[in-house]
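# Notes for the structure review
Residues per chain, in single letters:
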Amino acid sequence: MTVRWGVTLPLPGLGLAAHRPLLVELTDLGYTDVWTGEGGGHDGFTPLAAAAAWAPGLRVGTGIVPVQTRGPGVLAQTAATLAQLGGEVVLGIGSSVPAHVTALNGMAHDRPYARVRDTLKFLRRALDGEYVSESYETFEVDGFQLREPLPHRPKVIVGALRPGMLRLAFREGDGAMTNVLAADDVPAVVEAAGPRAPGQELVVKVFVSPTTDASYARTEARAFLSWILNQPPYVAFHDWLGRGDRLKASRERWEAGDRAGAARALSDEVVDELWVHGSLEECRERIARHVHPGVTTVLLHLSPTPELLASPDPVSVVSDTLKALRF
C-alpha cells in the first residue's frame, strides 16, 4: 500500500495569503494532501478552499471539525461545496474537547459519542445525494438534499482515539484520524480499529519541530501537550495506551490550577515520545516509524523553530524542510 503524505495548514511562519507558492510546489515535493484542524485559530474550511483553488491536485481534509459547532446540514453543504471545486475531499469530524466546544463556542459537550455517530450516519447519506428526513438520537433533520451531484463524493472520517470511536469510524464511516501518540502506539490503534473495507483510511497526525535546539522544541511541546493531555478525551486515551502513570504528576498540577506546573511535570521522555524534534535527518527517521501497514496517510504538523523565525525567507525554509522530511 502506498502511504499518502500530508501537511497541516497553516504552515508555520506564513500568513495564509503567503501559502500559494508553497502549496503549488507541494506535489513536486512528494506530498498528496493538505489538512486543517479547528480549535482556537483558523477555521477548518477557509484554508482548504484556498488550497483547492491554488493547487487542485492536492487532496484536502479536515482533521478534525467538531460536530457540535456546526449543524449537520451545514457540514454536508460545506464538504459538498469544497468537492465542487473538483478535487478529493475528506471531511474529518469528531467530538473535539470541551475547551473548544463549550469554552469558545458556548455549546454543550454532552453525549459526544452519540452526536458523532448520528452526524456520521447523516453525512454518509447526505453526501450520497439522498433526501434525508430522519429523527436521530441527538438531532432531527427534516428534508435535506444536496442540489447538485458531486464530481467526487467526499469521504467522511472520524477523529478517534479509543476502541469504541475507532470501531464506529470503520463500521459507519470511511475511516479514522488519530493524533498525539507515539510511533510505538500506532499498532495498538490499528488493532483496535479492527478489519476494514477497501478504501477506508487511517490518518496518523505527527507533531514535528525540526530543530536541533532541544530545549526550545521541548518548551514548545510542553505548552501544547500539557493542555491537550489534560483534556478528558486524551486523559482516557493515554490511560488506555498505558501512559497514565507517567502523566500523573502533570494531571495533579493541572487539576490544582497550576498550568505552568503541569507543563514542567511532563518528563523529557514523554515529550520526546509524543513530539518529534531534532535535525532534519533525525526527524525524518522518527517520522518513518509511524508508517505501518494499517496507516494510509501520515500527516505532519510543523511547529515554528528558531531557524524559521530568524529567516528572511520563511517560504524557502518551509519548502526545504518539507522536502527533507518526506520519507
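A few points on the structure. (Residues numbered from 1 in each chain as written. Predicted model: local features only at pLDDT ≥ 70, side-chain atom pairs only at ≥ 80, totals over all residues. Heavy atoms only, no water.)

Right, let's get into the overall build of the protein. Looking only at helices and strands, the protein has 15 helices and 12 strands in total. Computed over C-alpha atoms, the radius of gyration of the protein comes to 19 Å, within 12% of the 20 Å expected from 2.2 N^0.38 for 327 residues, which places it in the range of a compact globule. With the principal axes as the frame, the protein shows a C-alpha extent of 55 × 45 × 35 Å. Long-range pairs, those at least 24 residues apart, make up 73% of the contacts in the protein between residues at least 6 apart in sequence. By element, 51% of the accessible surface of the protein is carried by carbon and sulfur atoms, the whole surface being about 13,700 Å². (Helix = DSSP H or I, 4+ residues; strand = E, 2+ residues; numbered from the N terminus. Rg over C-alpha atoms; globule rule 2.2 N^0.38 Å. Contact = heavy atoms within 4.5 Å. Areas by Shrake-Rupley, 256 points an atom, 1.4 Å probe, with all protein chains shown as cover.)

Cis geometry marks the peptide bond from L9 to P10; its omega dihedral reads -5°. Of note, P10 is situated in the loop between strand 1 (4–9) and helix 1 (20–26). With omega at 0°, the peptide bond leading from G63 into I64 counts as cis. With respect to the secondary-structure elements, I64 resides in the loop between strand 3 (59–62) and strand 4 (65–66).

The next thing to look at is the pairing of strand 7 (residues 140–144). Both strand 6 (residues 132–135) and strand 7 contribute to a ladder of 4 bridges, which runs antiparallel. What sits directly across from S133, in strand 7, is D142. What sits between the antiparallel neighbours strand 6 and strand 7 is a turn of 4 residues. (Pairing = 2+ DSSP bridges.)

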